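# Coordinates in review
What follows is the residue order along each chain.
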Amino acid sequence: MSLKNKLHQLKLKYKDKKMAPAFNALHTFLYLPNETTHSGGHVRAADDLKRTMNTVILALVPCLLFGIFNAGYQHYSAINGFPADFSLFEHFINWENFVLGAWTVLPLVIVSYGVGLAVEFLFAVIKGHEVEEGYLVTGMLVPLIVPIDIPLWMLAVAVVFGVVIGKEVFGGTGMNILNPALTIRAFLFFAYPTWMSGDKVWVHEAVERAGTADAISGETILGTLAQSNPVQFSISDMFYGYIPGSVGETSTLLILIGAAILIFTKVASWRIILSGFVGAALMGLLFNGVVDAGWISESSKFYGLMSTPFWQHLIIGSIAFGVVFMATDPVSGSQTNKGKWIYGFLIGFISILIRVFNPAYPEGVFLAILLMNVFAPTIDHYVVQGNIKKRMKRLKLKTA
Amino acid sequence: MAEVTTEEVKVKEPKEPLFSKKNKKLLTDPLADNNPITIQVLGICSALAITAQLKPSIVMAISVVFVLGIGNVVISLMRNVIPSKIRIIVQLVVVAALVIIVDQVLKAFAYELSKQLSVFIGLIITNCIIMGRFEAFALGNGPWKSFLDGVGNAAGYGLLLIIVAFFRELLGSGTLFGFKVLGDPIEKTGLYAFGYENNGFMVLAPMALITVGIIIWVQRSKNKALIEDH
């Protein structure tokens, strides 16, 4: 008997029992269901929720693969020094980097999916509804936005918190106010700040080696700039992503490829992505203007980040990843077209604002997106009200 | 008491024993099924502010029991002579007097704790539970009943405070009443030897709100009668 039939038999056996949603989910995740509906007219369309989720995961795979190689590359380069004449296949895509990267990154993915799906199944069984697909994307995003050496039990605790408090208490997928992946990251950030920020956590083993003769630095570019120190990475390094950072967010190039996939398949809103970048660039320009006008002295602690050229703000830190993959979450983001412009713009704008002025942690993308998640319904409300008012006015003009 | 009212209260009261079923209910109801924090959602602000540790929470609970118990009796005794237009001012004077007594006692006998609680003892004056019970109960009931109601509500509030503080101190600082029950985080003993770390988020105010929320969730899923219909 094939797996499909076995699952089907199990499904029939457990029908109307408590465990039914679990088997249902497995069955429909792997195969088309055996039964068809018998009544009513139906729209045949391929873009169901599972397809949407899988598209996002597909767009994230390049970032994950890059993250695996980059984990190894950053680790070995921090020990042996960065190669003088960098060649992609010799120094980056090699077996050593892959083994180390897989050894550190894959456990994050496994824990994220394992714990998250366990919570989802548990809630589906208790509540007696179908298992929802919402966690498929969240589970992929989470390992990409945490530092490489985060202890696995912390990740597990955060995932439980994020899924339960961030999503299930509101009624599950589609009802959440906040982006669950960012809720998980925010929880980690506030609960275990020593593992989520500073100059040690971004490169594998940098924490263990601190204070010994083998000490290595794991400082991100933003961290370096926040202390007004010179940056040792070139612009192309920043764009291609050969820099320290959270696991999967370093490569702007691959993020843009992911963005292209999402926009082409119409899974993500190009309005949010574009306006996010515009907002960030504008805030960067504003800060550059302040520096050019001489309103801020070089001794100021904000000078390093304020004088960074505005376009560089877009390729360092996780602004690109956040705007492309997190802000475009259709559930927690704005729904109206005009609202999307405002929502995306403010995310970019506030991200750079927090980035420059936050003394404790020079990255504000996740905080900015969470903040705008909260405001998204308000933005939508006023856009809709404005539209109603405009139409009422037109109606009055016509009838008058 | 004899000249209070000519209504049924006068006839009924002498018959009722001190701890009749009805009176007991006044005392025990607010502990669970009519808890001021989880059901009436009053007094949330102080529940967020001082529950990072157990010790201040317990002191706060005792203070509120004192203020609300005595305050309810005082208001109840005066209920027929307070002009209704200025009753809020009268209530405020009563609470303020009681709170100042508590504050001075704490300053005299537990100075460290009173420094730790800082303004929050003074802010008992604005605690919604107190004004709420004055308005809703003490103004319409006799002193003994009001006393029971006041103590009951304050105890329900205190109970919640202590539960929240227990989890927040245990998970946030790894201590209970200042004792390191989970081991020493610096010398890496106990749980910390296995890589456990304190959850810094528990010490921050948002987690108090979420803890209260989880308690409400658990309580309502245990007692379906508490779930409101829409």
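What counts and how
Residues numbered from 1 in each chain as written. Chains lettered and ligands numbered in written order. Predicted model: local features only at pLDDT ≥ 70, side-chain atom pairs only at ≥ 80, totals over all residues. Contact = placed C-beta atoms within 7 Å. Nonpolar A, V, L, I, M, F, W, Y, C, P; charged D, E, K, R; others polar. Helix = DSSP H or I, 4+ residues; strand = E, 2+ residues; numbered from the N terminus. Expected span 1.5 Å × (residues − 1). Bend = angle between axes of the 7 residues up to and from the residue. Buried ≥ 20, exposed ≤ 12 C-beta atoms within 10 Å, placed from the backbone. UniProt positions renumbered as here; feature names shortened; annotations may be inferred. Arc of directions from axis to C-beta. Core = buried A, V, L, I, M, F, W, Y, C linked by C-beta atoms within 7 Å. Axes fitted to C-alpha atoms, helices over the stretch in contact; angles between N-to-C directions. Parallel < 35°, antiparallel > 145°, perpendicular 65-115°, else oblique. Left-handed = near helix turned anticlockwise from the far one by under 90°.

Right, let's get into the interface of chain B and chain A. On the side of chain A, seven residues touch chain B, which itself brings seven residues to the contact. Partitioned by chemical class, the residues of the side of chain B that touches chain A number three nonpolar, three polar and one charged.

What follows is about helix α19 (residues 365–399) of chain A. All names here are of chain A. Under the 1.5 Å per step criterion, the end-to-end length of α19 is 49 Å for 35 residues, consistent within 8% with the ideal 51 Å. Largest kink in α19: about 45°, centred on F375, with the proline P377 one to four residues after it. The set of residues buried in α19 consists of V365, F366, A368, I369, L370, M372, N373, A376, I379 and V383. Where α19 is buried, its residues contact α8 (180–191), α17 (319–326) and α18 (337–357).

Residue and element names in this part refer to chain B. Residues given the UniProt feature "transmembrane region" (unreviewed entry) here are residues 58–77, 89–111, 117–134, 146–167 and 200–218. The distance from the first to the last C-alpha atom of residues 117–134 is 24 Å, and the span holds 67% helix and 0% strand. Helix and strand shares over residues 200–218 are 95% and 0% respectively, and the end C-alpha atoms of the span are 24 Å apart.

What follows deals with helix α11 (residues 205–222) of chain B. Residue and element names in this part refer to chain B. When the terminal C-alpha atoms of α11 are compared, their 26 Å separation across 18 residues agrees well with the 26 Å that a helix rising 1.5 Å per residue should span. Listed as buried for α11 are M207, A208, T211 and V212. The buried residues of α11 occupy an angular sector of 145° when projected down its axis, which confines them to one face. Pointing more than 90 degrees away from the buried face of α11 are the exposed residues P206 and S221.

A word on the UniProt feature "transmembrane region" (unreviewed entry) in chain A. Residue and element names in this part refer to chain A. When the UniProt feature table is mapped onto this chain numbering, "transmembrane region" (unreviewed entry) sits at residues 56–76, 97–124, 144–165, 239–265, 272–290, 310–328, 340–358 and 364–384. End C-alpha atoms of residues 56–76 are separated by 31 Å, and the span's content is 100% helix alongside 0% strand. As a span, residues 97–124 carries 100% helix and 0% strand, and end to end its C-alpha atoms are 40 Å apart.

This part covers the nonpolar core. L188, I347 and I369 of chain A together with V67 of chain B are the most contacted members of the largest nonpolar core, which has 147 residues in total. For this core, the element with the highest residue contribution is helix α3 (residues 49–80) of chain A, accounting for twelve residues. Once residues within four sequence positions are removed from consideration, I347 of chain A is found in contact with G276, G279, V323, A327, A368, I369 and M372 of chain A.

Residues and elements named next belong to chain A. Here, UniProt's "modified residue: FMN phosphoryl threonine" (unreviewed entry) annotation points to T220. Within the element layout of this structure, T220 appears in the loop between α10 (206–209) and α11 (221–226). With sequence-adjacent residues up to four places away left out, T220 is seen in contact with W202, P244 and G245.

This paragraph deals with unusual backbone geometry. One non-glycine residue, K266 of chain A, adopts positive backbone phi at about 60°. As for its position among the elements, K266 of chain A is in the loop between α13 (252–264) and α14 (270–292). Its 11 C-beta neighbours within 10 Å are what place K266 of chain A among the exposed residues. Residues other than glycine seldom take positive phi values, yet F177 of chain B does so here, at roughly 55°. Note that F177 of chain B resides in the loop between α9 (143–173) and α10 (200–203).

So, about the packing of α3 of chain A against helix α5 (residues 95–127) of chain A. Residue and element names in this part refer to chain A. Interaxial distance between α3 and α5 falls to 7 Å at its minimum, and their mutual angle equals 110°. For the element pair α3 / α5, the angle class is roughly perpendicular. When the axes of α3 and α5 are compared, the crossing they make is right-handed. Contacts between α3 and α5 involve G67, I68, F69, A71, G72, Y73, H75 and Y76 from the first element and E96, N97, F98, L100, G101, A102, T104 and V105 from the second. When the residues that make up the contact of α3 with α5 are grouped by side-chain class, the tally is nine nonpolar, six polar and one charged.

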